[in-house]
Amino acid sequence: MLKPLGLKDKKVLVPRGAGQAKSFSQLVEKYGGISIEIPLIAFRPIKLTTQLQTAMNEINTYDWIVFTSNVTVETFFSFYKNNNHNSFPKIAVIGRKTEEVLQERGYKAEFVPSAYVTEVFTDEFLPIVPSGSKLLIPKGNLAREYISTSLSNHGVHVDEIVIYETYMPNESREKLAKMLSNDELDILMFTSPSTVNHFISVVKEYNLESHIKRCVISCIGPVTEKRILAYGLPVHVSPEEYTVKDMIKGTIDFILKN
């Protein structure tokens, strides 16, 4: 059972934007922490391209569509305006939040992996997708190609279409640099490799390496953990369940033991 004030007075980096940070921050504050919202990652839809418009018009020709994040779902449906669910392909998702956002739009996922990580998704999804199937993967400009490559190697026809760009807001760079230089962050939480990359770019730009040695570092998922380690930083918390709640629980456990 979590201690009610397990994060008491700890200043916790919440690396998400205003639209996504609310539930994250509420959990931090529930356990006595002080949430510091600094979006390390933001998203903007690309301009509508001919390739994207064609995919929207021919959505009924796909057997499956794969959504890897709630941002992908939200951005895709900002382009896709057809309300005829019968013409929509079967849906596979990664992540509980992705599934929830999809359900809010009236769509049901036909496939959800047992663990919310790309490698597990691919291993479990491959056996149910016959060779010759046609599949669409809307994605961000920095997304890995692991899923498409694995499926293509098994004879699946995959169309990957970039629908949004990932970037770090300038105001976040300035706020993060100021707070780190003043040692005002106690716990750093990372939710993706991109959040790690953007964080490190600020650390290096302002020569703040010494200021993060005092921080507890937590993350979600093995890919994010690997990215942190690649920069020579320790990972104090990386839960088996890839959710913010489990990351916070693991962080509280770590703090109580140290």
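The structure under discussion appears in the preceding block.
Reading guide: rules and limits
Residues numbered from 1 in each chain as written. Predicted model: local features only at pLDDT ≥ 70, side-chain atom pairs only at ≥ 80, totals over all residues. Heavy atoms only, no water. Helix = DSSP H or I, 4+ residues; strand = E, 2+ residues; numbered from the N terminus. Rg over C-alpha atoms; globule rule 2.2 N^0.38 Å. Buried < 20%, exposed > 50% of the residue type's maximum accessible area, 1.4 Å probe, protein only. Contact = heavy atoms within 4.5 Å. Areas by Shrake-Rupley, 256 points an atom, 1.4 Å probe, with all protein chains shown as cover. Lys, Arg positive; Asp, Glu negative; His and termini not counted. Charge placed at Lys NZ, Arg CZ, Asp CG, Glu CD. Axes fitted to C-alpha atoms, helices over the stretch in contact; angles between N-to-C directions. Parallel < 35°, antiparallel > 145°, perpendicular 65-115°, else oblique. Left-handed = near helix turned anticlockwise from the far one by under 90°. Nonpolar A, V, L, I, M, F, W, Y, C, P; charged D, E, K, R; others polar. Pairing = 2+ DSSP bridges. Disulfide = S-S within 2.5 Å. Phe/Tyr/Trp six-rings, centres within 6.5 Å; stacked < 30°, edge-to-face > 60°. Lys NZ or Arg CZ within 6 Å of the ring centre and 35° of its normal.

1. Quick notes on the overall build of the protein
Then, number 1: Of regular secondary structure, the protein possesses 10 helices and 9 strands.
Then, number 2: Compactness check: the protein gives a C-alpha radius of gyration of 19 Å against a globular reference of 18 Å for 258 residues, within 12% of the reference.
Then, number 3: On the principal axes, the C-alpha backbone points of the protein span a range of 55 × 40 × 35 Å.
Then, number 4: Among the 258 residues that make up the protein, the fraction classed as buried is 49%.
Then, number 5: Look at the contacts in the protein between residues 6 or more apart in sequence, and 66% of them connect residues 24 or more apart.
Then, number 6: As presented, the protein carries roughly 12900 Å² of accessible surface, and 47% of it is formed by carbon and sulfur atoms.
Then, number 7: Placing the 29 positive and 29 negative side-chain charges of the protein at their respective mean positions leaves the two points 4 Å apart.

2. So, the packing of helix H7 (residues 170-181) against helix H8 (residues 193-205)
Then, number 1: Interhelical geometry of H7 versus H8 gives an angle of 60 degrees and a closest axis separation of 10 Å. The orientation of H7 with respect to H8, classified from their angle, is oblique. Both H7 and H8 take part in a crossing whose hand is right-handed. Side by side, H7 and H8 meet where Arg173, Leu176, Ala177 and Leu180 of the first sit next to Phe199, Ser201, Val202, Val203 and Glu205 of the second.
Then, number 2: A breakdown of the residues in the contact of H7 with H8 according to their chemical character gives 6 nonpolar, 1 polar and 2 charged.

3. As for the sheet that holds strand E7 (residues 157-167)
Then, number 1: Strand order in the open sheet made by the 5 strands is E3-E7-E6-E4-E5, with mixed pairing throughout. Sheet topology places strand E3 (42-45) and strand E5 (90-93) at the edges, where each strand pairs with a single neighbour. Across the sheet, the mean angle separating the axes of adjacent strands is 30 degrees when strand polarity is ignored.
Then, number 2: Pairing analysis gives 4 bridges linking strand E4 (residues 64-67) to E5, with the strands arranged parallel. Looking at E5, one finds that Val66 is bridged to Ala92.
Then, number 3: Contacting E4 and E5, helix H4 (residues 96-104) runs over the sheet at an angle of about 145 degrees to E5.

4. Quick word on the sheet that holds strand E2 (residues 34-37)
Then, number 1: Read from one edge of the open sheet, 4 strands run E2-E1-E8-E9, paired in parallel fashion. The sheet terminates laterally at E2 and strand E9 (216-219), the two strands that pair on one side only. The average angle at which neighbouring strand axes cross in this sheet is 25 degrees, direction not considered.
Then, number 2: Pairing of strand E1 (residues 11-14) with E2 involves 4 bridges; the strand directions are parallel. Counterpart to Val14 in the pairing with E2 is Glu37.
Then, number 3: Helix H9 (residues 222-230) rests against strand E8 (187-190) and E9 of the sheet, and its axis sits at about 145 degrees to E9.

5. Topic: the state of the cysteines
Then, number 1: Using the criterion set out here, one finds 0 disulfides in the structure.
Then, number 2: No disulfide involves Cys215; its sulfur sits 15 Å from the nearest other cysteine sulfur, which is in Cys219.
Then, number 3: Residue classification places Cys219 among the buried positions, given a relative accessible area of 0%.

6. What to know about the packing of aromatic side chains
Then, number 1: Scanning the entire structure with this criterion turns up 16 aromatic pairs.
Then, number 2: Counting every residue linked through ring pairs, the aromatic cluster contains Phe67, Phe76, Phe77, Tyr80, Phe88 and Tyr107.
Then, number 3: Here the basic side chain of Arg44 rests over the ring of Tyr167, its NZ or CZ set 3.9 Å away from the ring centre.
Then, number 4: One cation-aromatic arrangement involves Lys134 over Tyr62; the distance from NZ or CZ to the ring centre is 4.6 Å.

7. Focus: the packing of H8 against H9
Describing two packed helices takes the angle between their axes plus the distance from one axis to the other.
Then, number 1: In the contact formed by H8 and H9, the axes pass within 8 Å of each other and the chain directions differ by 20 degrees. For the element pair H8 / H9, the angle class is roughly parallel. The interaxial crossing formed by H8 with H9 has right-handed handedness. The segment H8 lies against H9, with Pro193, Val196 and Asn197 engaging Val223, Thr224, Arg227 and Ile228.
Then, number 2: Of the residues in the contact of H8 with H9, the class split is 4 nonpolar, 2 polar and 1 charged.

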